[in-house]
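# Residue-level structure breakdown
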Amino acid sequence: MQYQYVVSAYKASSVSKSTNGAFTSPQACNLIVAKNNQLQVFQFAAGRLEQVGSWTLYGKIASLHFIHPKDRLTGVILVTSEKYQFAVLSWNAADQRIVTESTGEFVEVTGRPSTESKLVAVDPWQRVIAVYAYQGIVHLLPLVSDPQSHSIWKTLLRVTSKDKSTNTSIGGLSTQNKPYPYAVHQNESGLMIPKYLQPDTNSTEFIEGANRTKGKATAYSERSTDIYPILTRYIHELKVLDMQFLHGSSDEQPTFAVLYEDANMQRHVHAYRLGEAQGEMQPLSLWSSLSLEAAATKLIPLLGGEVMVVGDESLAVVGPSRQPLGMSKRAAAVTAWTWIDANACTRLLLADEHGVLSLVVLEYGGADQHSVQDIFIERLGSTSVATSLSYLGDGCVYIGSHCGDQMLVRLHTQPLSPETVADASRRTLCLWGDNSDIDGSMKILENPLSDTANVSKQQQAPKPSTFVEPLQLYENLAPMVDLCIVGMGESTPARNTPADTLANGSKREAGGSYGSVVSCSGMANTPGLRVVRNGIGIGRLYGIDLAGVMGLWSLTIAQPVRADESAMDLDKPEEQRTVLLVVSLIDCTLLLGWTEPAGEQIDVAEMALGGWRLSESTLATCLSRSGRHVVQVTRQAVLLIDSARWAVQTEWKPENGAGISAASVCGDQVAVAVNGNMVVYFEKQQDVLKQVACRQLDKAIACIDVHAWDVDSGTATHVAVGLWAANDVCLLALPDLVPVETKLSLDMPQGTSSDSSSSSKSGGLPRSVLMSTLGGTPYLLVGLGDGYLHQFALSLESSVAVCEHKAIALGSGPLLLTPFINHGKQSVFAASDHSAVLFAETRSRERQDKRVSKLIYASVDVRGIKRMAPVDSQAMPMAMCVVSDMQLWIGQADPVQQLHVRSHPLPRWAAPHRIAHCEALSAYAVASIHSLDSEAPWADSAADAAVWESQALLNTNAQQAKLLDSDVTAILAAGGPPAEIGRFSILDSQTMGVLGSVLLRPFEMPESLCSLSLKRLPRPESTAASENALQPAGAAFGASGNVQGWLDNVFVLGTSIVLPGEDDARRGRVLLCGWDFALHQIRIVGSFTALGAVYSVVPFRGMLLAAVNGRLLLLGWQRRASSGETAAAARGKVGSSAVLAEDADYELVVLCSQQTQITALSISTNGDYIAVGDVMSSVSLYHYEEYMLPPAVAAATSSISTQQQQARGGTAGGQLRHRLVPVSRDYSGVWTTAIATVAPPLEQNREHVYPDPIDAETGFLARQGGVYYASAFRNLSQERFVVADAYSNLIRVSRAEDVPSGDAVDGSRMYVEARWHLGDMVNVIRPGSLVMDIPDPEFPGVFRPLLIYGTLHGAVGVITSVENGKLGRILDRLQTNMAHLLPTPGLWDYSQWRGFSSDQRSTQAFGFLDGDLIEQFLDLPAEMQQQVFVGGSGELAIDEEEYALKNEYWNSYSRIEAEGNVAVLSQMAVSNIGQREDISLEYLIRLVESLTRLH
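Presented here is an overview of the structure given in this document. (Residues numbered from 1 in each chain as written. Predicted model: local features only at pLDDT ≥ 70, side-chain atom pairs only at ≥ 80, totals over all residues. Heavy atoms only, no water.)

So, about the side chain of K329. By the element assignment, K329 lies in the loop between β25 (325-328) and β26 (334-339). At 5.7 Å, D352 is the nearest oppositely charged side chain to K329, a buried residue that forms no salt bridge. A polar atom in the side chain of K329 sits 3.0 Å from the backbone oxygen of D312. Apart from residues lying up to four places away in sequence, K329 is in contact with G311, D312, E313, S314, L315, V334 and I377. (Helix = DSSP H or I, 4+ residues; strand = E, 2+ residues; numbered from the N terminus. Buried < 20%, exposed > 50% of the residue type's maximum accessible area, 1.4 Å probe, protein only. Lys, Arg positive; Asp, Glu negative; His and termini not counted. Salt bridge = Lys/Arg side-chain N within 4 Å of Asp/Glu carboxyl O. Polar contact = N/O pair within 3.5 Å; in protein donor to acceptor, adjacent residues only side chain to side chain. Contact = heavy atoms within 4.5 Å.)

Membership of the largest hydrophobic core comes to 70 residues, with the highest contact counts inside it found for L1374, F1417 and L1484. Those residues in contact with F1417, other than ones at most four positions away along the chain, are L1374, M1378, Q1425, V1428, L1481, L1484 and I1485. Counting 22 residues, the second largest nonpolar core, distinct from the first, contains L1014, V1070, A1106 and W1117. (Core = buried A, V, L, I, M, F, W, Y, C linked by side-chain atoms within 4.5 Å.)

Spatially, four strands are ordered β68-β69-β70-β71 in an open sheet, and the strand pairing comes out antiparallel. Looking at which strands have only one partner, the edges of the open sheet turn out to be β68 (910-918) and β71 (994-999). Averaged over neighbouring strand pairs, the angle between their axes works out to 20° when direction is ignored. Bridge analysis of strand β70 (residues 980-988) against β71 gives five bridges, and the strand direction is antiparallel. Across the sheet, the residue bridging to R983 is L999, located in β71. (Pairing = 2+ DSSP bridges. Axes fitted to C-alpha atoms, helices over the stretch in contact; angles between N-to-C directions.)

Taken together, I1158, M1176 and W1231 make up a surface patch of nonpolar side chains, about 260 Å² in accessible area. Within the secondary structure, W1231 sits in the loop between β85 (1215-1225) and β86 (1232-1238). Accessibility expressed as a relative area gives 34% for W1231, which makes it partly exposed. (Patch = residues over 30% accessible without salt bridge, like charges linked within 9 Å, V, L, I, M, F, W, Y side chains within 5 Å. Areas by Shrake-Rupley, 256 points an atom, 1.4 Å probe, with all protein chains shown as cover.)

Let us look at the pattern of salt bridges. All told, the structure shown has 36 salt bridges when counted by the stated rule. R577 is the partner of E596 in a salt bridge, and the nearest nitrogen-oxygen pair spans 3.5 Å. A residue pair is termed long-range when its members are at least 10 positions apart, and E596 in strand β41 (residues 589-596) and R577 in strand β40 (residues 575-584) qualify at 19 residues. According to the relative accessible area criterion, R577 is buried, its value standing at 12%. Connected through shared salt-bridge partners, R613, E616, E651 and K653 make up one network.

Here the focus is helix α17 (residues 1481-1492). With 12 residues, α17 should reach 16 Å at 1.5 Å per residue; the first-to-last C-alpha distance of 17 Å fits that figure. Most of α17 is tucked away, with nine of its 12 residues classed as buried. Of all the residues in α17, the buried ones are L1481, L1484, I1485, L1487, V1488, E1489, S1490, L1491 and T1492. Lining the buried residues of α17 we find β1 (3-10), β91 (1343-1351), α11 (1365-1381), α13 (1411-1414), α14 (1422-1429) and α16 (1473-1477). (Expected span 1.5 Å × (residues − 1).)

Here we come to the packing of α11 against α14. Look at α11 against α14: their axes get within 9 Å of each other, and the N-to-C directions meet at 115°. Our classification of the angle between α11 and α14 gives roughly perpendicular. You can see that α11 and α14 cross each other, and the crossing is right-handed. Residues L1374, N1377, M1378 and L1381 of α11 form the contact with α14, whose own contacting residues are Q1427, V1428 and F1429. Tallied by class, the residues present in the contact of α11 with α14 amount to five nonpolar, two polar and no charged. (Parallel < 35°, antiparallel > 145°, perpendicular 65-115°, else oblique. Left-handed = near helix turned anticlockwise from the far one by under 90°. Nonpolar A, V, L, I, M, F, W, Y, C, P; charged D, E, K, R; others polar.)

Written out as C-alpha cells, the structure is:
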C-alpha cells in the first residue's frame, strides 16, 4: 500500500501547563513545561532559563503537577493525558534522564466524559490525588507508601475489596474489558520489556515500580512513589468547573472543594471530606450552597480551609465558618494564577484574558491568623495572555501562553519607564525549543499596520505604568489559523490550467513552492505574522549602492600595536585588525574596510593602500598563510604585496604580453590560466613568489581552483580546471601539474531529470570549480552557467576515483562557489539567482562509516546574489559580504539546517485570520479581525469612515445589497457599533510594510482569501456553436479562443455577514481586490453578494470556486449584459453581483452551482475533480464538466433573438454551459477542518506501490460495512485526499476506480485508505516544501509530493507519500519496533496514542508513518540501533517464558479488528527487519536519512 509519512518540521510551541520545583537536584530550581505531548525541563539560575532536555510522551498532556514528598530530596511530576492516562515521573541523576515510577489509566467504560477539561487536584500533604474526568465521578489515587496502615484509607480499601464477586475497578477500568494489566520495566540495554500479570482483585497494588535502575545508585532518589488502587467515588455535581484540596493539618482527613454550575446556571461551592463512614464522600455540613458570581471559574485554596473564588468581575473568599468576603476587580476572565509565597499564601499573581498581570495581597487575622480579613489588588503590567504561571524566585515569573510568546519576566517594586521595558525586550527576544541554540539577537519590528487608521481609542491612550521587566521571550506560532508558502520556485496560483493541476502528478510537483511558511499566528494582545523557513538567512547590517561588481574578496590583516602606544594606553589591545573588502569592478579595483576594535559603530570607508594595482580589475586575491603578504592577480600580472609596508615585493608577468584569464589563490599557492589554455602554478617561498610548473592544455580554460582538500593542512595537492569547449573538468596533480587519469565528465548522471535539453549534457558551461572536503568526503564541485551544480564525491586514498556523481539544478543563472565556515561547519556558498548553502549532514553515531557523506542544500532567503565573501570580523561574527541587486552589503548569517522563525507583530487586538501571497505583485494580502473597545466608535477616523462609504457604494446596483445597507444602518443607529470589524490589507513581501488597507462593512468578517488571475469570459449567447445535441465540450473553453484576455493578479476575499439576532450568516460577499501601482492604493475590481458565508475560495481553470454555506459555486469573470437585459440575466442566479469601473464591462457571475451536505468549509481540486470538506459530513467529490447547450434549447431559454446574437458577433449555434456533477462521498461522520489533494503515484512508481506481501501480517482486508477501506484495491485512484478532522486525526480517502460489475464495492462511496491520530488539530494544509527538491539517486522520486500543515498548537509539519510499498513496509516495521521496544516517559501505549479516535469510535491506526518516531532511530547508539533492527530478539537476555508472553502481546496488534462486517489487519508485530525484508542496517539508516531531508 501507499503510506503517508508525517513528520514535524517545527514542534508545537503552545504552552498548556507549567510547574516548578526541585526536580533534577535538591538545590535546583526547575521549570517543567508541557507543550502538547512534549515535556520540557529547564534550569533557572541568575535570571535565565537553560533547557535540560525535552521528552516526547505518547499522549497529549492534560495536567501537570509537581509533588515533593517530605521524605525525598527531590520531587516528582504527575502527568495526565487527554486519554485518561497518568504517570508519575522522577529524575535519574546518574543517567541524566526521566524515569517512570508509576503509570496507569482511570477509564470508566460507562462514564460520561466531563464537558469541561479534566481536573486534577493534589492534597497539600501529598496523601491523595483526585481526578475529575467523568461527570459525577471522582477518581482517588493514594500517594502513601502503605495505604493499609493509614487510617484514612482503611475504610476505603475495605469497602473496595468487600464484594470480590463484583467486577472490581482496577485503574478505573473493568478487568473484563482491559486486555492486559501490566507492569513495565526496562532491561539493562534500555529496551522496554512488558511483564504480564494476571488480574488480581484481592491485591491492592496496581502497578509495580517501573524504570528502576536495577542496581545503579541514584543520587537523590531513595524510593519510588507508588500509586495504589484507583478508587472511584461519586459526587452529586455534574458540571464541575474547578476542584482544589483545602489546606489543613496533616492529621485531618483530606477535604476538597468543587466549583460547579447547577441546572439553573448558577454557580456554587461544595466541599467533600474523605474517609467518612462506609467510605462514602458527603458534603460537609458547615458548607452551604453559596450562590456566587455567574462567571466564577476558579478556586484558590487559602489557609484555614478557606477558598478564594475567582470570577470575571470579582474575588470572593468563602469558608466553613465565616461570612463571604468579596472585592471587585477589572472585568476580565482569569486564565492562570500562582502563589509568590506558597507557604504563607499572602501574595497571589493573577493573569487575565487581556494579558494583564495583577498582584493580589491577602491580609490574615482571627484567632489563629488563618482567616482572610482584607484583599488588595494591584495591576503590575501587560504580558502575553497566560495559560500558566510559575513563580521561580528572585522576583522572576514564567508566563506560558497559547496565543502569544512565552515570557520570563522580573517583577519590580517600582514602576519602570517605557524605554526601560522596550530596551529589555530588544535585548532578550530569542527562540526556544528546537531552536534553543540560535542566537537571540533578533530585533522587535514595528507594527506593519501602524500606518493605517486606528480602530480603537484605547490604543491612543497613554500606557499605564508597569512593574514587569521582560527577561526572555520565546517565539510561539500558536494558534496557526492560516498559512501560505512563499519562496523560490513558487508557481503563480493565478492561471492554473489543467496541465498545471494534479491530473499530472509531476506537473504539480515541478510547480510546487519551497522556501518560507508565512502564518497567521497569535491573537488577543499579541497577534502577528510568523515567517518560518528552513535554511539560512542573512540579516543586513550595512550596505551601499554599487554596480558592475565582477569579483569580491575579504581579507583580515592583523598587525601588532607598537610598544610605545600600548604602554601609553593599557586598555588598548595588543594588535590591530584591518578588515579589507576587495571589490573588483569592470576596469578597476576598489578597497573598502575598517579597523578593529571599531567601537559601537563600524565605519566602512574607502582605503588607499600602496602596492595594489587599483587601476586594473582583480581576478583573485588572498592572504598568505603567515598573514604578512597579500597576493593580487590581475589580467596583466601576479603581485606579492607586503601587508606591513603595503609595497610590492614580487611581481610576475606573462611572456609576450599574454593575458591572464582565470586565477585562484589559496594561502601560499597560486594557479593562473595564461593565454587561454596554459596553467601556471606558483608557490610563495621565503617571502618570494616563485613559478613551480606550467602545463599547456588542449582546450580553453573556463575556471580554475587551487583550494586544499584538507582545510587544516592548508596545502593543495591538485589544481582543478574547468574547460570551455570540452565541457569537462580535469585535475592536475601538484607540484608538476600532471593530469589525473580519472575522467570527470559533466554529462548528466543517470537518474537526473533535465528540462533544458534532451541530450546527456545540461547545456551549460563550467563557470566555477571548487575542491572541498565536506563531512569527511572530498568533493569536487562544478557550477555551470545554466544553474546546474555537479558534485563529484572522490576517493584520494591511492589514486583519484569517483565514488558518486550527482547533478542538481539550483537555479537558472551561473553558479559561483565560495567556501566558508558557518558556525563551525565547513560549508560552500553557491551564489546564483536562487542561492544555496551546501554542507554535510552530521549525526553522532557510535559506528565506523566509510560511505560517502550526503550533502544538504539549504536555500538562502535572499535572491539574486551575484558574489559572496566571508568576513572575519570580531565586531560582526559570522558576517559575510554580498553583492545583489546592484548593492554591496554586509550581513550576518543564521545557522543552517534549522528552522528559523521571524516575527512581524500586528497591532494589538488585530488578529490575522487569512493570508495569501502573490508573487507577481511581491505582496501579501492579510485579512484581520480587529476587536473594538465598547466605548470607542467602530470607525475611529475620518479616513476609515470614507473607506467604508466607498465600500458601501459597491452594492448599490443590487437589491440584496440595498437591503443589507438598510439593515446595517438601522442596527448602527439603534444599537451602536459592532464588537469586531474586519480589515483587508496588502503588505510588501520584502519589508512587511503596509501598502494599503481598507475596512470591511460593519458586522462583516473575513472568512477566506486567495490570489488568482481570472479569464475574461464572453456572454453565453456569443459562444461558438457546436453539434445540435447535449455533448461534452472537450477542452476548456479558454483553449477555443473565447477567452478575451485575463484579469491578472487579484486577491479574492470571501466574507460573512452576521447581523445581531442572527445565528448563522445569511449573507456574504466575494470581493476582487487589486493593487493600483499608479495610485498606490487598493482597487475593488468586483464584488459578488452571496446568500451565505463564503468559507472558502479556490482558483479553478481561470475561474473561481466558492463554498457558500451548503452550496458550491463556480464563479466566472464574464462580460456584462446590457442595461435592458439585466433583469433577464439575473433571473435564476444565486445572489447578486456588482463591479466598479476598473473592468466595467465584466462582472462576477455564477456559472453553475451544486448543493453540498451541511456546511462546506474547505475545497481542494485535482484536475477536473473537486473535493469539498464538510463541517460534519466528511468529504464529497464533484466532477466539473462543460457541455454545449443545443441551439433550440438555447433559443428557448434566452430572450435574445438569433439576429441579435449574430449582430453581437455570435452565432446561431449552442451555448457553452458548466456543471458540477456529484461523483462520490464519504458517509462517515467526520468533522473536517482541512483538506488537501494527494497526487497519484508517478508512472515509474505505480508498479512498486503494492508489492507482493511476505505473509499475512502485511495484508489488509476490506469488506462492506459502516466504514470502508480501499487498501486492498490495486486499481490506484487518481482522486485521493488527506483530510484533517476536529479530533486531531488525519485520514486519507480515495474514490474507487474501474469497479467491476457485480463487485460489492460501491463506486459512489469514498473509501478510507489510511487513518491516524496526530494529536493536534490541523487548521490548514497547503502544497509546498520547506527545503529544496534535491533528488536522491538511491531513492529517486519515492517520497513525493509534499504537503505542509499548520496546527492549533503552533506545529508545522510535512506530509509526503511513500510511493514504494516495500519501503513503506520497512518503515512500518521500524516504527513498530521503535514504539514497542524503546521507552518514553510515562510508558503509555503507542498504539492507543496514534489510534484513530473520535466521539463515535476509537480504532487502530494504519497507513501513516510517524516521522518523529522513525527519525529518532538515527540518534540512537549503534548498539541500540542493532537491537531495534533485529526486533530485540537474540541480543536480549530474557527468559523464554517472558519472551513468549511478549510475542503473544505484540501479536495482538495483528489481530483482526471487527467493526460490523469490516475487518482490518491494522498493524504488524515486532519483527526482525533485516530477515523479513532482506536489507542491511546500513540500508535502513540511509533510508531514514533520506527522509530527514524532507524538512
